[in-house]
Amino acid sequence: MYYRPRCLILNTYTPYASIYTMGQDILAAVRELGFSATESLQGNYTDPKLFEAMMLMMGQFQGKGFVFEFNGRNNQKVINPKVGQKSLYDEWKLPKVCWLTDNPSHHMENLCNLPDYSILGVVDRDFLDWLPSCGLSTRRTFFMPHAGPPPLPQQALTAERELDVLFFGNIAKVPSASDWANSIVGDNPDRQRCLLQAIDCCLQTDKGFFETLSTVFDDADMELSLTEKLYFVSKLEAYVIARRRLDILSGIKRSRVTVFGNVNPAVQAQFGPNIVFRNTATFEDFQDFAMNAKIVLNLSTSFRNGAHERVFYGLSRGAHILTERSRFLAQEVSADLGISFLDFDAMQADDAIERVLDLGNSLDDQRERALTHYAGNHLWKNRIEDALDILEQEYWNT
């Protein structure tokens, strides 16, 4: 008997972050691929009895089915009379796709509890290189970069876009590198020196945070426990992102940038009138504003061999993306497919913006080519197809 395949997506309502929107678009992509798919809102929105019923229906289903969830949060256990506590997914032989939206260092406890009946998607290809050093098998781990929805069928022309440059994100007050290093490791000059070297490397190269910390501490013949290294990765990532945002926006003197996000008042006062600050807005708002922007400025150094979701959501709205360097996006940049890289020198940001704006109405031709490429390579449908291939090989074709 034929059963239409099924999927349950465990989503979270996050209006000011992207997870909820991504979950909705992943749900649409799964349905487009022929699945009967539904959604359960987790966190404070969960109805326990309804969630139990939805999981039970998935566990009892006779055909192909899987659960999709974010960041390894959903790892329920059951009591098996023969083996004691056991993963619900393993007990039911129900595959789960766990997709990490950011650096694995933020979710290591969850990852250590993943069931056997699961596959793990990571958003940066480099993460696959260092996960084994954390004691995690990469047998069922695969590269699943961020993606986006289908491009809008109607796109505004360049001349119709009112915003020259759009930036969505928070801007914090950033301490000096030495003060930051001292706050992390205290009065330990050797460790401080390593952290300062790591900051310089991350600001001047496209090397990842984990790899950078490993190199600088190894070169100094200083050992780090795994717990320490993961802690440093998390702190270093946050510092470098905050530092780059402040440096890039401070270096923009000629171009007009519209900023949405939480901005430290003391920091806001140091910018010129060309940096226009608006209120915090939702991710849904970001998509609307991107429809009216010539350039979306993406200031996140998290993924040196992956891409931030705003890259693809901005592309889907027809904006040109000016972003931090990523080896994953090198093809799009070299082929002039709607993406440009910022320079490591923050003072070159104005020039990078002007190179794009000087294209004028030629951006309309570029947009057409960029959206064709994007629609064929970077939709959620493309990413889910990769996950389904692994599920078929590991669990369904047996």
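Residues numbered from 1 in each chain as written. Predicted model: local features only at pLDDT ≥ 70, side-chain atom pairs only at ≥ 80, totals over all residues. Heavy atoms only, no water.

Student: What exactly am I supposed to notice about the pattern of salt bridges here?
Tutor: Where charged atoms from two side chains of opposite charge approach closely, those side chains can pair. Summed over the entire model, instances satisfying the criterion amount to 17 salt bridges. Its salt-bridge partner being D126, residue R327 comes within 2.7 Å of it at the nearest N-O pair. Linking R327 in the loop between β13 (320-323) and α13 (330-334) with D126 in the loop between β7 (118-122) and α5 (127-130), this pair joins segments that are 201 residues apart in sequence. Residue R327 is classed as partly exposed on the basis of its relative accessible area, which comes to 37%. With a closest N to O distance of 3.1 Å, D164 and K294 form a salt bridge. With D164 in strand β9 (residues 163-168) and K294 in strand β12 (residues 293-298), this pair connects stretches of sequence that are 130 residues apart. A relative accessible area of 17% places K294 in the buried class. Three or more residues are tied together by salt bridges with common partners; here these are D126, D206 and R327. (Salt bridge = Lys/Arg side-chain N within 4 Å of Asp/Glu carboxyl O. Helix = DSSP H or I, 4+ residues; strand = E, 2+ residues; numbered from the N terminus. Buried < 20%, exposed > 50% of the residue type's maximum accessible area, 1.4 Å probe, protein only.)

Student: I tried to follow empty space enclosed by the protein on my own but got confused; where do I start?
Tutor: The method is simple in principle: a probe with the dimensions of a water molecule rolls over the atoms, and the space it marks as empty is what remains. Applying the stated rule across the entire model yields four cavities of 30 Å³ or more. Roughly 70 Å³ of volume is contained in the largest cavity. Taken together, K294, L315, G318, A319, H320, G338, L363, Q366, R367, A370 and L371 make up the lining of the largest cavity. Looking at the lining of the largest cavity, the element that brings in the most residues is helix α15 (residues 362-377), giving five residues. A per-class count over the lining of the largest cavity returns five nonpolar, four polar and two charged. (1 Å grid on protein atoms, 1.4 Å probe; cavity = no way out; pocket = protein on both sides within 12 Å on 5 of 7 lines; lining within 4 Å. Points joined across faces, edges and corners; volume = space filled by probe spheres on them. Nonpolar A, V, L, I, M, F, W, Y, C, P; charged D, E, K, R; others polar.)

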